[in-house]
Structures are given as structure tokens and as C-alpha cells.
Amino acid sequence: MSIRLSKCSLGETERKNVLSVLDNEYLGMGREVKLFEEEVKRFLQTDHEVISCNTGTSALHLSLLALDIGPGDEVLVPSITFVASYQAISATGAHPVSCDILPDCGFIDVDDAKKRLTKKTKAIMSVHYASDASRQEDVNSFATKHGLRVIEDAAHSFGSRTQSGMVGQSGDIICFSFDGIKNITCGEGGAILTKDPLVVERVKDARLLGVEKDTDKRFSGSRSWDFDVRRQGFRYHMSNIMAAIGLGQMKQVDRLLDQRRKNMFSYIDELKALNEVVILDLDFDKLTPHIFVIKVPNQRDQLRTYLEKRGIETGIHYFPNHLLSKYKTSYSLSKAENWHKEALTLPIHPDLSIEDTHHVVSSIKAFFT
Ligand SMILES: *Cc1c(COP(=O)(O)O)cnc(C)c1O
């Protein structure tokens, strides 16, 4: 038996949708992309605009650029995140300022972030680590108090709920990822959600080489021939092929998200009595897990090797970004560093069964006895 750490789960609809795009021979950004954006907006029941793009990383990059963040600016970001958050910031020329995390949940520590404020700080990028957005309010009030813009790296939290609703219903700018292993996938893909009309306009234009107001034309199967370009743009748009996969995923979104939650609760039920592992302090009732992380204070690496030998793939989310050569800090962040020593990610995906989670847990128990 072999159990993968993460994977996508595709159905017949995704295959049919992709074939129909291939049959139509309109592969770029058109009708399917428009439908996918509408479908995401409907599912999240949000008044924010939904603007798709080709990756979660480009969603973050476009958001920062729309805020005119660039050289000389600083953006606060937790050290424990996928390096994509950092690359998106440094791609603008701005400096990602590493902050420590809360030791029980991995969310950015606002008190630590406060120490790192300077005149150059323009924004804070919070990360919904392990899909938990329950502490986002603390970041929002911190940002309001210090005049910062907020970008939520919500790559993990599609389908999670906040105190007041779904992730993506409120907040300044929210970025999702639809890469191959996220809660839903487009193959690769991302989206920016915001109510700010200037950000909406800039992001829409910048995803299509800065060609002004091209989106509506593309969505009706046409394109601009006379146009102006005022700002830097990119080829960051979503294609109809990607959107076709995403539309198929949205057809089975309840199953995809429910199975992730069921597996999470099965792990929690069975692991909470085990003294050798620590369950994170997350708002499990509200979240839909992209990853399921536990802490193993002793013998984490030995446990990993043991599970690997039994065909169970695990992960470590994440290597602290402030220790990477490109982003090396002069200060240490003890909680982030400790996190990397103790964190262990167990397999979770929609094709993992409850029996699979039992197998993973009994293997963990076998290791410790
Ligand atoms: C996946 C991920 C991203 C980037 O998304 P891509 O679609 O892979 O570019 C950004 N931040 C975090 C925390 C992620 O997990």
C-alpha cells in the first residue's frame, strides 16, 4: 500500500469539459474563464470581484503591483509559508520582512510584526496556514491601525470559513491558488478577490500585458485592436483549458471539500489521545484542510522515515523563509525555527479514505510503542 501526501481528484466532468474546449479550438482566455470566475463568486457568495489568473503566485504578484508596491517598500510576511509568498513580494522589487508565527497554529504573530514596522512598511501578507483564517481579524485591525494594506495568501483556504462567513467574502485583497494539489484545481491557476475598484481594474489589465479593458472583449470571444498600455503587464491570464478543469471541480466541490474535512476529523479523533504528538490549535469546525499538520516534539525525522518505509508519504510545511540565502535575516525567529523542527504533515486529499487515515494513525502508534 502506498499513500500519497497530496493529490488532485478529477472526475468525468473535468475530462469532458477539457475535450469540449479542445473541440472548440478557442484555448486562451474566453468563455470558460468567465464562467469559472462566476462559479467561484457564486460558491463563495461574495460581493468581491473575482479575477482569475494563471497561478496563485501571480495572483499575489498582481495584487502587490496594483497597490504600487515596489523598490524601497517593505511587506510583512510570516516566515512559515510557501516560498511563493516571498517570491511574489521580491518580484515587485519590495523587501519581504520575515515575521515570527504563533507557536500553536502557525499564523503570523502580530506582536512580532509590530516590532518590524518601519516607515517603508506598505502592506502585510498574512497566510492562512493549514487553511485556518480564524485569526485574520487580528491582522486586519493591526493593518487598519498602522495604515497598511492587507493581502491574504489564501492558497490553503478555499472553502474555509471565517468568524463571519467564507474566506473571500470580506477583507482587502484575497488570493487563492488552484494549483494541482490545492482544495480545488485548474491544473494551475489562481484568483484575486477584492472590492477595491482600482485594484480590480489594474489586475484585470495587468494579467493581459497591460492592455486596457481587454477582459470584456476576451470574454465575448474577441480582442482589442486599438488600445492603450500605461502600466507594466504580464501573460498571467487563465486559459479556457484550465478553467474547464476548474469548472469540473466546482461541479463536485462539496464532495472534494467534505472528504478533506472528514479525513481531518478522523485524524483528530484518533490522535488526540496520543501523548507523543500535538494537534494544532486551529478552528477545525470552520476550515477545509489543504494540509494536515501535527507537531512531533521528539523523533520527528525517525517517524517520517518509519512511515516512508510503510509507504506513507509525509511532508514538512515549511522551511523557514528567513533562513533561505535570498531572504536571510540578521535576526532569528525562534518559533518559526522550532516549527520547522517539529512539524509533520500527514497525507490528506479527497481520494484518501477514512480507512487510509486509520492506517496512517496505526502506523504512527506502532512507531511509538
Ligand atoms: C500554493 C501556494 C502558493 C502559490 O500558489 P501557486 O498556484 O502554486 O503559484 C502561495 N502560497 C502558499 C501558502 C501556497 O501553499
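Now for a look at the structure at hand. (Residues numbered from 1 in each chain as written. Predicted model: local features only at pLDDT ≥ 70, side-chain atom pairs only at ≥ 80, totals over all residues. Heavy atoms only, no water.)

Considering the overall build of the protein chain
(1) Moving on: The number of helices and strands found in the protein chain is 13 helices and 10 strands.
(2) Moving on: Taken over the C-alpha trace, the protein chain has a radius of gyration of 21 Å; the compact-globule value for 369 residues is 21 Å, and the two agree within 12%.
(3) Moving on: Based on the C-alpha atoms only, the size of the protein chain along its principal axes is roughly 70 × 55 × 35 Å.
(4) Moving on: The buried share of the protein chain, reckoned over its 369 residues, is 59%.
(5) Moving on: Partitioning the intrachain contacts of the protein chain with sequence separation of at least 6 by distance along the chain shows that 72% fall at a separation of at least 24.
(6) Moving on: Of the charged side chains in the protein chain, 47 are positive and 50 negative, and the gap between their average positions amounts to 2 Å. (Helix = DSSP H or I, 4+ residues; strand = E, 2+ residues; numbered from the N terminus. Rg over C-alpha atoms; globule rule 2.2 N^0.38 Å. Buried < 20%, exposed > 50% of the residue type's maximum accessible area, 1.4 Å probe, protein only. Contact = heavy atoms within 4.5 Å. Lys, Arg positive; Asp, Glu negative; His and termini not counted. Charge placed at Lys NZ, Arg CZ, Asp CG, Glu CD.)

Description of the pairing of strand 6 (residues 173-177)
(1) Moving on: Taking burial as the measure, the five residues of strand 6 include five buried ones, the bulk of the element.
(2) Moving on: Residues Ile 173, Cys 175 and Ser 177 point to one face of strand 6 and Ile 174 and Phe 176 to the other, with burial holding for every one of them.
(3) Moving on: With three bridges connecting them, strand 5 (residues 149-153) and strand 6 associate as parallel partners. By the bridge assignment for strand 6, Glu 152 is matched with Ile 174.
(4) Moving on: Alignment of strand 6 against strand 7 (residues 190-194), held across five bridges, turns out to be antiparallel. By the bridge assignment for strand 7, Ile 174 is matched with Leu 193. (Pairing = 2+ DSSP bridges.)

Notes on the packing of helix 2 (residues 31-44) against helix 9 (residues 240-251)
(1) Moving on: Contact geometry of helix 2 with helix 9 gives a least axis separation of 8 Å together with a crossing angle of 35 degrees. Considering how the two elements wind past one another, helix 2 and helix 9 form a crossing that is left-handed. Touching Arg 31, Glu 32, Val 33, Leu 35, Phe 36, Glu 39, Val 40 and Phe 43 of helix 2 are Asn 240, Ala 243, Ala 244, Gly 246, Leu 247 and Met 250, all from helix 9.
(2) Moving on: When grouped by side-chain class, the residues that make up the contact of helix 2 with helix 9 number nine nonpolar, two polar and three charged. (Axes fitted to C-alpha atoms, helices over the stretch in contact; angles between N-to-C directions. Left-handed = near helix turned anticlockwise from the far one by under 90°. Nonpolar A, V, L, I, M, F, W, Y, C, P; charged D, E, K, R; others polar.)

Here we look at the sheet that holds strand 4 (residues 121-127)
(1) Moving on: The mixed open sheet is built from seven strands, whose spatial order is 1-7-6-5-4-2-3. At either end of the open sheet lies a strand with only one pairing partner, and these are strand 1 (49-53) and strand 3 (95-99). The sheet shows a mean angle of 25 degrees between the axes of neighbouring strands, taken without regard to direction.
(2) Moving on: Where strand 1 and strand 7 come together, five bridges link them in antiparallel fashion. The residue of strand 7 that forms the bridge with Glu 49 is Thr 194.
(3) Moving on: On the sheet, helix 3 (residues 56-66) packs against strand 1, strand 2 (74-78), strand 4, strand 5, strand 6 and strand 7 and is oriented at approximately 160 degrees with respect to strand 6.

A look at the site of the ligand
(1) Moving on: Around the ligand, the structure places 16 residues, and the nearest of them are Thr 57, Asp 153, Ser 177, Asp 179 and Lys 182.
(2) Moving on: One of the side-chain N or O atoms of Lys 182 is found 3.1 Å from an oxygen atom in the ligand.
(3) Moving on: Note that an oxygen atom of the ligand is positioned 3.4 Å from one of the side-chain N or O atoms of Tyr 318.
(4) Moving on: Considering the ligand on its own, with 380 Å² of exposed area, one finds that the protein chains cover 94% of that surface.
(5) Moving on: Contributing elements (two or more residues each) for the shell around the ligand: helix 3 and helix 4 (83-91).
(6) Moving on: Here the shell around the ligand is built from residues that sort into five nonpolar, eight polar and three charged. (Near = heavy atom within 4 Å. Polar contact = N/O pair within 3.5 Å; in protein donor to acceptor, adjacent residues only side chain to side chain. Areas by Shrake-Rupley, 256 points an atom, 1.4 Å probe, with all protein chains shown as cover.)

Here's the deal with the packing of aromatic side chains
Aromatic ring pairs: the centre-centre distance and the angle between the two ring planes describe each pair.
(1) Moving on: Counting across every chain of the model gives 13 aromatic pairs.
(2) Moving on: One aromatic cluster in this structure is built from Phe 36, Phe 43, Phe 158, Phe 176 and Phe 178.
(3) Moving on: One Lys or Arg, Arg 116, reaches over the ring of Tyr 331 and ends 3.9 Å from the middle of that ring. (Phe/Tyr/Trp six-rings, centres within 6.5 Å; stacked < 30°, edge-to-face > 60°. Lys NZ or Arg CZ within 6 Å of the ring centre and 35° of its normal.)

Quick look at the pairing of strand 5
(1) Moving on: Within strand 5, four of the five residues are buried, which leaves the element mostly enclosed by the surrounding structure.
(2) Moving on: Across five bridges, the pairing between strand 4 and strand 5 is parallel. Across the sheet, the residue bridging to Ala 123 is Arg 149, located in strand 5.
(3) Moving on: Once the chain exits strand 4 it traverses helix 6 (residues 136-146) before rejoining the sheet at strand 5, and the crossover so formed is right-handed. (Right-handed = clockwise from strand over helix to strand, strands pointing away.)

Remarks on a nonpolar patch on the surface
(1) Moving on: A cluster of nonpolar residues, Leu 19, Leu 22 and Leu 27, forms a patch on the protein surface that exposes about 260 Å² of accessible area.
(2) Moving on: With respect to the helices and strands, the residue Leu 19 is situated in helix 1 (residues 12-24). (Patch = residues over 30% accessible without salt bridge, like charges linked within 9 Å, V, L, I, M, F, W, Y side chains within 5 Å. Salt bridge = Lys/Arg side-chain N within 4 Å of Asp/Glu carboxyl O.)

Focus: the state of the cysteines
Throughout this description, disulfide means a covalent bond between two cysteine sulfur atoms.
(1) Moving on: Applying the stated rule across the entire model yields zero disulfides.
(2) Moving on: Looking at the unpaired Cys 175, the closest cysteine sulfur is the one in Cys 53, lying at 7.4 Å.
(3) Moving on: Between Cys 186, a cysteine without a disulfide, and Cys 53, which holds the nearest cysteine sulfur, the sulfur-to-sulfur distance is 10.0 Å. (Disulfide = S-S within 2.5 Å.)

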